[in-house]
Amino acid sequence: MFCDIMEINGETKIFAVIGDPIAHSLSPKMHNSNIEALSLNYTYLAFNVKEDNIQNVIDGAKSLQISGLNVTIPHKIKIIKYLDEIDPLAEKIGAVNTIKFEYTPNGAIAKGYNTDATGAMRALKEKCDLKNKNVLILGAGGAARAIGFALCNEEINSLCILNRNISRALDLAGDITSKTDYNVRFDTFENINSYLKDTDILIHTTPNGMYPNNDDEPLVYAQQMNPNMVVFDIVYNPLETTILKEAKKIGATRVSGLKMFLYQGAEAFTIWTGQDANIDAMEKVILESSGIDDLGDF
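Fair warning: this is a prediction, and the values are worked out from it, not measured in the lab.

1. Details of the sheet that holds strand S4 (residues 85-86)
Each strand in a sheet pairs with its neighbour through backbone hydrogen bonds, running either in the same direction (parallel) or in the opposite one (antiparallel).
In step 1: With mixed pairing, six strands are arranged side by side in an open sheet as S2-S1-S3-S5-S6-S4. The sheet is open, and its two edges are formed by strand S2 (42-48) and S4, each paired on a single side.
In step 2: Running at roughly 175 degrees to S2, helix H1 (residues 27-37) makes contact with strand S1 (13-19), S2 and strand S3 (68-71) of the sheet.

2. Observations regarding a nonpolar patch on the surface
In step 1: On the surface, a cluster of nonpolar side chains totalling about 230 Å² of accessible area is made up of Ile-166, Leu-170 and Phe-186.
In step 2: When you line up the elements, Leu-170 lands in helix H6 (residues 166-179).

3. Comments concerning the packing of aromatic side chains
In this description, a pair of aromatic rings is defined by centroid distance and the angle of the planes.
In step 1: Under the definition given, this model contains five aromatic pairs.
In step 2: Considering the side-chain rings of Tyr-236 and Phe-261, the 4.0 Å spacing of their centres and the 15 degrees angle between planes classify their relative orientation as stacked. Here Tyr-236 is found in the loop between strand S11 (230-233) and helix H8 (242-250), whereas its partner Phe-261 is found in helix H9 (residues 257-273), with 25 residues between them in sequence. Across this residue pair, the class does not change: Tyr-236 and Phe-261 are buried.
In step 3: One aromatic cluster is present, formed by Phe-15, Tyr-42, Tyr-44 and Trp-272 through successive ring pairs.
In step 4: Above the plane of the ring of Tyr-263 lies Arg-122, whose end atom (NZ or CZ) is 4.0 Å from the centre.

Conventions and cut-offs
Residues numbered from 1 in each chain as written. Predicted model: local features only at pLDDT ≥ 70, side-chain atom pairs only at ≥ 80, totals over all residues. Heavy atoms only, no water. Pairing = 2+ DSSP bridges. Helix = DSSP H or I, 4+ residues; strand = E, 2+ residues; numbered from the N terminus. Contact = heavy atoms within 4.5 Å. Axes fitted to C-alpha atoms, helices over the stretch in contact; angles between N-to-C directions. Patch = residues over 30% accessible without salt bridge, like charges linked within 9 Å, V, L, I, M, F, W, Y side chains within 5 Å. Areas by Shrake-Rupley, 256 points an atom, 1.4 Å probe, with all protein chains shown as cover. Salt bridge = Lys/Arg side-chain N within 4 Å of Asp/Glu carboxyl O. Phe/Tyr/Trp six-rings, centres within 6.5 Å; stacked < 30°, edge-to-face > 60°. Buried < 20%, exposed > 50% of the residue type's maximum accessible area, 1.4 Å probe, protein only. Lys NZ or Arg CZ within 6 Å of the ring centre and 35° of its normal.

Here you go:
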């Protein structure tokens, strides 16, 4: 049972997630479970924010004395220009998924961070060694940026980015190449077969298969994979996405987006509060909300 409405008062600190869509998000349940476990006078909400209203978010949050925000699809890049400060890693990545607000007598400061990178690497490293691996990323949005830059700190062998819109893949590949020691390749989804044969780790970062579009056709099918491949889908609702179902057919190692979601959330909480999150409480509630007892082979 989460914080009762009667317990919320004028000293309750407010945290929230913004995105569009947002109804599927498990962030409120995950963070409120952590808040309850730690007996804190906080609460966590979800706000659906359309792209044409993103410029009003930061000023509105400051006016309401909100303590912290998570930022999800499709706002992770566009939100940056409305921030007062940005963490060096988030600046390098060019995408923000966590915002901390600090209030002083001289005014309010909104600082952006990126915990997607930390969460994704922790989830992947639980299942495989990243060194000398050939990695293929599907998608070129904010999460792909975070993961791409993070991977280039892990001594991988190669990185390639595929996207439906090739200009976005080019922009991201060029940005990573200019800031790292890697020559990042890029292409469209149409040519995926020419890259899959050499892929050790396949990472899906698009909304394909995300609730409520659970039955979307996967971007990659089992016959295109191999059993030695690691397949990581950052989508966590549903738990078993279409691409992960395909990976199961071939016996490939699967990594659920639920793990990345869990670890990025715990890191965000620490940024906001300076405290360690209760990861056990957070994991328990998101598993229950997904209708499962444990992550099994994920």
